[in-house]
Amino acid sequence: MPPARPERAAYRAGPKLENNRTAPTTGSHMTAFIQYTLQGLALGGFYALAALGLAVIFGVLGVVNFSHGACYMLGAVGAAVLLDATGLGFWWALPLMTIAMFLFGVLMERLLVQWLLRLDPLYNFLLTFGLTLLLVDVVKRKYGVSGLPYPLPAGLDGRITLGAVSLSTYQVFAAVFSISVCLAVWLVLTKTRVGMIVRASTEDAERSRALGINVSRWVTPVFGFGIALAGLAGVLRAPTGSVTADMGSFFIIILFAVVVIGGLGSILGAVVAGFLVGLVEAYGQGYAGRFSQVFIFMLMALVILVRPSGLFGREEAAS
Amino acid sequence: MTPVPGEILEVDGLSAWYGEARVLTDVNLRVAPGEVVTLVGRNGAGKTTLLRSVMGLHRQVEGSVSWAGQVLGRSSADKRAKAGIGWVPDDRGIYATLSVQENLLLPPITSKADAWSLERVYEQFPVLQERRDFPGTKLSGGEQQMLAIARVLRTGSRLLLLDEPSEGLAPVIVQQIGDIIRQIKDQGVSVLLVEQNVKFAATVADRHYLLAQGRVVESRDNDSFQSRTSELLEYLGM
């Protein structure tokens, strides 16, 4: 990836999440810690939602979707464009962009991905990698590289003060919202027949076929659903920083670290590792400044050393 | 529930490849309604590939497989399962992310008349009821084998493909699996059984096909198989 430097710079300059990195004035380390934790949960929410999508797509289709970061970016850019063109704000963008990204995922699977499913998984990896370059460049051409503005939604732009702890309202919202979505997805996956089929097919699609499950029928909706989650994470992220064509490029790298830590093909692993990485990044930002990303990859290396198949991965999943 | 006359598995001139390597050559075999037939042969003889080809999981094949009068052709594994073919893989194929009960409930019912109810499964395998909320892979090897068999019985499958069900299990459990096989045979269900444990195979089977290097080299009924077991095994290099 040649332009690594500007991407990283943009990424770091971007998120207003760092607004909280003011020195703890009241001398309370606890306050800072609570703020970093909340920041971590909000950040983790973006990772968890997107990684959840990546995990079900990998599980059911066997596709490592490299374009997941680009889809996350499209969710955010879509929200910004929606606001600019129609005046519809965040609360509209949240459902509309999620539906739009679901449809985008369905189209992507029907038009492109499905034709390569029978071949070596590498082909779809290359396809989605190529698609990423294309989508990022299209957005750059149309909207420039400097980024689109996206305001904090009205009502969530303040701060919540609890004693000595002052928290950004939007961060509280983002953390609670993404945890709720993860819980809702979890309930659907564990309490419904469709969820049972998706879990079984995520674990072993071939075996599910041999037991009479028409896995192919679920391939398109699952792909759309995974992309929709990436888009949702993007919309949720939009108000926290500048919306740029490159915002997905670094995100996808972290996302792969999340998936490796959680265990490729594990749904629970994706969610847990998502929040874990978010927390590690936030504590890193808070206590060790520019080394924050280093800690994520140190965590990944540690997990690979101790449990090569990830925290929740099974041995089969690793092979 | 007695054998249904047309329910015959017929494998005709089946050859299978892995890439360039040919693993099955011109295999012909037949399983009659309510018959238990074993495939005997040493490791690498092509037994598992044969079962996988019948199930539609191994696709690099030539020749024909028909079941209950239908030529299966290129039909997918899930269609074959819905046509009443039940698959019990050699690794048992229990889902770790599904509870014991979910493992049982996952495959759709293919024949209401033959399907075992959950009550009947639990009556036959009390341990599965005790552990129904455990993750499937928390069961012991023998229990997982019971679960894998119970899972296809619950769908009402009329032909079971059992891949080494006795492998690595204690004698008591092997006996129990033998009982189940005899019981489902009485129900008119056909069984194609891959087995290394020849003694066990002889206690349940009507006929045996001997496989060597991807070919059927002998077909014997159980009596003539038992009287010459050691000679036949030597011939197979087992």
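Keep in mind that this is a model prediction, so the values were computed, not measured.

Caption draft 1: Spotlight on the overall build of chain B. Within chain B, the secondary structure is distributed over 10 helices and 10 strands. C-alpha atoms of chain B, sized along the principal axes, occupy 45 × 40 × 35 Å. Residues classed as buried in chain B amount to 47% of the 238 residues present. A separation threshold of at least 6 residues defines the contact pool for chain B, and within that pool the share at least 24 residues apart is 72%.

Caption draft 2: Structural detail: the environment of V181(A). Tracing the sequence through the fold places V181(A) in helix 6 (residues 169-191). Counting along the chain gives 51 residues from V181(A) to L232(A), while the straight-line C-alpha distance between them is 9.9 Å.

Caption draft 3: Region of the structure containing unusual backbone geometry. All names here are of chain B. A positive phi angle is found at A68, which is not glycine, with a value near 50 degrees. For A68, the position within the fold is in the loop between strand 4 (61-67) and strand 5 (70-71). Overall, the presence of 18 C-beta atoms within 10 Å leaves A68 in the partly exposed class. Even without being glycine, R92 reaches a positive phi, approximately 75 degrees. Relative to the assigned elements, R92 resides in the loop between strand 6 (85-88) and helix 3 (100-105).

Caption draft 4: View of the interface of chain A and chain B. At the junction of the two partners, chain A supplies 14 residues and chain B supplies 20 residues. Residues of the side of chain A that touches chain B, tallied by class, amount to 6 nonpolar, 2 polar and 6 charged.

Caption draft 5: The arrangement of the confidence of the model for chain B in detail. The predicted model of chain B has a mean per-residue pLDDT of 92, with 99% of residues at 70 or higher. Model confidence for the complex is summarised by a pTM of 0.79, with the ipTM given as 0.90.

Caption draft 6: Inspection of the nonpolar core at higher detail. Residue and element names in this part refer to chain A. Judged by nonpolar contacts, the single largest core of 170 residues is most densely connected at A50, A51, L52, V258 and A270. With 20 residues, helix 2 (residues 29-61) is the largest single contributor of residues to this core. Setting aside chain neighbours within four positions, we find A51 in contact with L255, V258, V259, G262, A270, A273 and G274.

Caption draft 7: Main features of the sheet that holds strand 3 (residues 36-40) of chain B. Residue and element names in this part refer to chain B. Across the sheet, which stays open at both edges, the 6 strands sit in the order 6-7-8-3-9-10 with mixed pairing between neighbours. Sheet topology places strand 6 and strand 10 (215-221) at the edges, where each strand pairs with a single neighbour. Along the sheet, successive strands turn relative to each other by an average axial angle of 15 degrees, direction set aside. Looking at chain direction, strand 7 (residues 159-163) and strand 8 (residues 190-194) are connected through 5 bridges and run parallel. Counted as the bridge partner of L161 is L192 from strand 8. Across the sheet, helix 1 (residues 47-55) lies against strand 3, strand 6, strand 7, strand 8 and strand 9 (207-212), angled at about 150 degrees from strand 7, the strand it touches most. Of the strands in this sheet, strand 6 and strand 7 touch helix 6 (residues 141-155), which is tilted by about 170 degrees from strand 6.

Rules and cut-offs
Residues numbered from 1 in each chain as written. Chains lettered and ligands numbered in written order. Predicted model: local features only at pLDDT ≥ 70, side-chain atom pairs only at ≥ 80, totals over all residues. Helix = DSSP H or I, 4+ residues; strand = E, 2+ residues; numbered from the N terminus. Buried ≥ 20, exposed ≤ 12 C-beta atoms within 10 Å, placed from the backbone. Contact = placed C-beta atoms within 7 Å. Nonpolar A, V, L, I, M, F, W, Y, C, P; charged D, E, K, R; others polar. pLDDT = per-residue confidence, 0-100. Core = buried A, V, L, I, M, F, W, Y, C linked by C-beta atoms within 7 Å. Pairing = 2+ DSSP bridges. Axes fitted to C-alpha atoms, helices over the stretch in contact; angles between N-to-C directions.

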